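Descriptive structure summary
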Amino acid sequence: SPSRDTVGFDDMSWIELFFGFHGRISRKTFWVASIPPAIVQVVAWAGYGNLPVPPPVLAFSAGGGAFAMAMLNTKRLHDVGKSGWWQLISLLSVP
């Protein structure tokens, strides 16, 4: 069972879950909530040249999925006592 400080789907709206910076989520909530943004990103990236959708719409969709994942990652990092800014380390390249 989740701790008192960790919220799940019942404690947070979908908008707060995918587009809010604040809060904490359990591992289960993180993994289950990661599925829709991942699907959006896969469809958007696979759709370039394969779907009758304008590329800017696909790019916006992929960006929305990436933003939602960043918000989920931020909440999960909060749950382990870290700042959401720690995910920026993944943007650094190693020569």
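Note that the structure is predicted; figures quoted are calculated from it, not measured.

Parameters and conventions
Residues numbered from 1 in each chain as written. Predicted model: local features only at pLDDT ≥ 70, side-chain atom pairs only at ≥ 80, totals over all residues. Heavy atoms only, no water. Helix = DSSP H or I, 4+ residues; strand = E, 2+ residues; numbered from the N terminus. Buried < 20%, exposed > 50% of the residue type's maximum accessible area, 1.4 Å probe, protein only. Contact = heavy atoms within 4.5 Å. Core = buried A, V, L, I, M, F, W, Y, C linked by side-chain atoms within 4.5 Å. Axes fitted to C-alpha atoms, helices over the stretch in contact; angles between N-to-C directions. Parallel < 35°, antiparallel > 145°, perpendicular 65-115°, else oblique. Left-handed = near helix turned anticlockwise from the far one by under 90°.

1. A look at the overall build of the protein
Broken down by element type, the protein carries three helices and zero strands. Secondary structure elements in the protein, listed N-terminal to C-terminal, are α-α-α. Relative to its 95 residues, the protein shows a buried fraction of 32%. Sequence-distant contacts, at least 24 apart, represent 53% of the contacts inside the protein between residues at least 6 apart.

2. Brief notes about the nonpolar core
Across soluble globular proteins, nonpolar side chains have a tendency to be buried as a group. Among the nonpolar cores identified, the biggest contains nine residues, and these are Met 12, Leu 17, Phe 18, Ile 25, Phe 30, Ala 33, Ala 68, Met 69 and Leu 72. With three residues, the single largest contributor to this core is helix 3 (residues 55-79). Those residues in contact with Leu 72 that sit more than four places away from it in its chain are Leu 17, Phe 18, Ile 25, Phe 30, Ala 33, Ser 34 and Pro 37.

3. Here we look at the packing of helix 2 (residues 27-47) against helix 3
The packing of two helices is summarised by the inter-axis angle and the distance between the axes. Relative orientation of the contacting elements helix 2 and helix 3 amounts to 160°, with a least axis distance of 8 Å. The angle between helix 2 and helix 3 places the two elements in the roughly antiparallel class. Crossing of helix 2 over helix 3 shows left-handed handedness. Of the residues in helix 3, those in contact with Arg 27, Phe 30, Ala 33, Ser 34, Pro 37, Val 40, Gln 41, Ala 44, Trp 45 and Gly 47 of helix 2 are Leu 58, Ser 61, Ala 62, Gly 65, Ala 66, Ala 68, Met 69, Leu 72, Asn 73 and Arg 76.

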